[in-house]
Structure formats: structure tokens, C-alpha cells
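Reading the structure
Each chain, letter by letter, is given below.
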Amino acid sequence: MNVFSLMSSDPATQGSMMTTFITFALIILIFYFLIIRPQKKKDKEAKKMLDAMKKGDKVVTIGGIHGTIVTVKEQTVVIKVDDSARIEFSKAAISSVISKEKSAPAKKDKPNMEISKGEAPAEENKKAEEEATEAEVKVEEGTDETK
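So, here's what we can say about the structure. (Residues numbered from 1 in each chain as written. Predicted model: local features only at pLDDT ≥ 70, side-chain atom pairs only at ≥ 80, totals over all residues. Heavy atoms only, no water.)

In this section: the environment of glycine 63. Within the secondary structure, glycine 63 sits in the loop between strand E1 (58–61) and strand E2 (66–72). Taking the C-alpha atoms as reference, glycine 63 lies 8.7 Å from isoleucine 94; in sequence the two are 31 residues apart. (Helix = DSSP H or I, 4+ residues; strand = E, 2+ residues; numbered from the N terminus.)

Structure follows, in C-alpha cells:
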């Protein structure tokens, strides 16, 4: 039995074989444009972000730890997470970088004129936080007065 006897010269068989090849080619193209290409683009952007990290940038790790970069090494970065706590992470463990410019609060040209009862808005927020803390303490002690 030779190879040519397995392949039919029937035009219907050749047509169905051509349809099968076209179908596979379309599936491969769909996978490329919907899965492979966007993933390569995402990987390229992540590498660019990691290469652009510098001292003082605020970062978030894949574990959700927020901190500020203290030292950038070849494969790792040292992140300051508290006044005295510094942790060394692999560069691959950084999920996002928030540069100094983005993290600085925006300056307002005009002061906030909405002052009620003679108190500044910051003081109102502080009082609201204190009241919420007091309510939490009362709930923990079992003396909730809002019942």
C-alpha cells in the first residue's frame, strides 16, 4: 500500500481537506489576536514598568503590600513599608508602580469655602472619625447606646 493510494484524488475530499486547513488557520489567528498578542503586550509593559522603577517610587506588591522603594538592585528592590521596616522583594513581585508625581496631593488654587458651624472640614472629619472610634469601642464593650 503506498502513500498516494491513501490520499484520494477525489475533488470532494480535497475540498474538505482545504476547509479543514482554513478552519485551523482561523482558529490559530483567533488565538493569536485574542490571547497571545495581548499577553505579549502586557508582558512588555510590565517589563518596561519594572525597568523604570527608581528610588522614592511608591509601589504595590502582588501580595498587596504598599511601600516606598529605598534601593533598586539588579534582581530585587528594597521597600520601606513603615518607619523602620524594610523588606526586600524580587522585582517580579511588584504589581504596580505609583511614581512620586502621581502620589502627591493635587494643590488647590482656592481654599475650600464650605465651612459650617465655624469649623474647618478637616476638623469635622476628625470629629467624625473620633465618634466612629468611640462607637466601635462601645460595641466591643457591649454598651452600645444605639439599641
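This part takes up the packing of aromatic side chains. Any two aromatic rings considered together are summarised by their centre-to-centre distance and by the angle between their planes. Counting across every chain of the model gives 1 aromatic pair. When the ring of tyrosine 32 is compared with that of phenylalanine 33, the centres are 5.1 Å apart and the planes differ by 80 degrees; the resulting orientation is edge-to-face. On the accessibility criterion, tyrosine 32 (35% relative accessible area) is partly exposed. (Phe/Tyr/Trp six-rings, centres within 6.5 Å; stacked < 30°, edge-to-face > 60°. Buried < 20%, exposed > 50% of the residue type's maximum accessible area, 1.4 Å probe, protein only.)

The sheet built from 5 strands is open, its strands ordered E4-E3-E2-E1-E5 with antiparallel pairing. Bordering the open sheet on either side are strand E4 (86–90) and strand E5 (94–98), each of which pairs with just one other strand. On average, each strand axis in the sheet is tilted by 40 degrees relative to the strand beside it, whichever way the strands run. Sheet topology note: the strand E3 (residues 76–80)/E4 ladder contains 5 bridges and is antiparallel. Across the sheet, residue valine 78 finds its bridge partner in E4, namely glutamate 88. (Pairing = 2+ DSSP bridges. Axes fitted to C-alpha atoms, helices over the stretch in contact; angles between N-to-C directions.)

Right, let's talk about the nonpolar core for a bit. One finds Leu50, Met53, Val59, Ile69, Val77, Ile79, Phe89, Ala93 and Ile94 forming the largest nonpolar core, which totals 9 residues. For leucine 50, the residues in contact, after removing those within four places along its chain, are Lys91, Ala92 and Ile94. (Core = buried A, V, L, I, M, F, W, Y, C linked by side-chain atoms within 4.5 Å. Contact = heavy atoms within 4.5 Å.)

With respect to the element layout, aspartate 57 can be found in the loop between helix H2 (11–51) and E1. From its side chain, aspartate 57 meets the backbone nitrogen of lysine 54 in a polar contact 3.2 Å long. (Polar contact = N/O pair within 3.5 Å; in protein donor to acceptor, adjacent residues only side chain to side chain.)

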